[in-house]
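Below, each chain spelled out in residue letters.
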Amino acid sequence: MELFDKNTKMTALVHSNHLLLPVLNRFGLRLGFQEKTVEEICTEEQIDLNFFLAIVNAYHHHDYSPENELKSISAKLIIDYLRKSHLDFLKVSMPKIEAALDKMVKNRKSNDLKIIQKFYSTYKEEFVEHIQDEEEHAFPYVLALQKAHDQKTNPLPKSLAEYSISDYEKDHGDVDVKLFDLKNLIIKYLKPDYRDQDCNEFLYELFHFERDVQDHARIEDQILVTKVLEIEKELKNA
Ligand SMILES: [Fe+2]
Ligand SMILES: [Fe+2]
């Protein structure tokens, strides 16, 4: 596996995987990279280099687990990134999916899309609930735990001592399966009176979103949870 490193040209990174573009945006990066390396751009934009590399590599290589980089990355930084992704999902990706679905519905005669609309709205409800749960429970717990760790708080308050990240971070399996089922429903059973471009657009959005969401879940499971478990071990066995 050839990982991106500090000497990789930022332009080359985009050429190797254009799906990284929204990831770069979450770091506040815009195009016009010239011949600059990842390290040069991170220094200029005051981005934590190790964290940036951990994220882009985890996105690009599904088997990559950035254990070494983890130690220097603060939980706050990871959560900031995850929150930006949540916002992206809710404000950019999902409205795009919905606009594509509406277009598809408008241009068709048969009403079998009702099932798809229903399926999508159930999926959305569960997905939004999952995000809210993280924002309201898991993330505040992690931030409080990191603070206690940094300030060497001893003994830990009950609200931290009695819980573990495994109580908060819910399984990602369910939402993944629903999204796959939605795609499958269309690919397998859609009556052929749709406009090709409408249906392709809708499916492209779904495939792209699925990829983004899976990557997000991997960052939560492999980067955040792994790091928090380590902090918990250190604090709770002290
Ligand atoms: Fe999340
Ligand atoms: Fe999640």
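Residues numbered from 1 in each chain as written. Chains lettered and ligands numbered in written order. Predicted model: local features only at pLDDT ≥ 70, side-chain atom pairs only at ≥ 80, totals over all residues. Heavy atoms only, no water.

A.B. asks: What should I look at first to understand the environment of K191 in this one?
C.D. replies: Secondary-structure assignment places K191 in the loop between α10 (173-189) and α11 (196-236). Sequence separation of K191 and Y168 is 23 residues, and the distance between their C-alpha atoms is 41 Å. Setting aside residues up to four positions removed in sequence, K191 forms contacts with R108, S110 and D112. (Helix = DSSP H or I, 4+ residues; strand = E, 2+ residues; numbered from the N terminus. Contact = heavy atoms within 4.5 Å.)

A.B. asks: Explain the coordination of the iron ion (ligand 2) to me, please; I cannot follow it from the model alone.
C.D. replies: Six octahedral donors around a metal ideally make angles of 90 or 180 degrees; four tetrahedral donors ideally make 109.5 degrees. For the iron ion (ligand 2), the full set of protein donor atoms is H130 (NE2), E134 (OE), H172 (NE2) and E220 (OE), and the range of their distances to it is 2.0 to 2.2 Å. With 4 donor atoms in place around the iron ion (ligand 2) and angles of 83 to 173° between them, the coordination shape is irregular. Each donor residue of the iron ion (ligand 2) lies on the same chain, and together they follow the pattern H-x3-E-x37-H-x47-E. We classify H130 as buried; its relative accessible area is 13%. Relative accessible area serves as the criterion here: at 0%, E220 is assigned to the buried category. (Donors = N, O, S within 2.8 Å, 3.2 Å for Na, K, Ca; no water. Tetrahedral: all angles 85-135°; square planar, octahedral: opposite > 155°, others 65-115°. Buried < 20%, exposed > 50% of the residue type's maximum accessible area, 1.4 Å probe, protein only.)

A.B. asks: In this structure, what is going on with the packing of helix α6 (residues 75-106) against α11? I would like to understand it.
C.D. replies: Each pair of packed helices can be summarised by the angle the axes make with each other and by the distance between the axes. Direction vectors running N to C along α6 and α11 enclose 165°, while the axes themselves pass 10 Å from each other. Regarding the angle of α6 to α11, the classification is roughly antiparallel. α6 and α11 meet at a crossing whose hand is left-handed. (Axes fitted to C-alpha atoms, helices over the stretch in contact; angles between N-to-C directions. Parallel < 35°, antiparallel > 145°, perpendicular 65-115°, else oblique. Left-handed = near helix turned anticlockwise from the far one by under 90°.)

None of this, on its own, says anything about what the molecule does.
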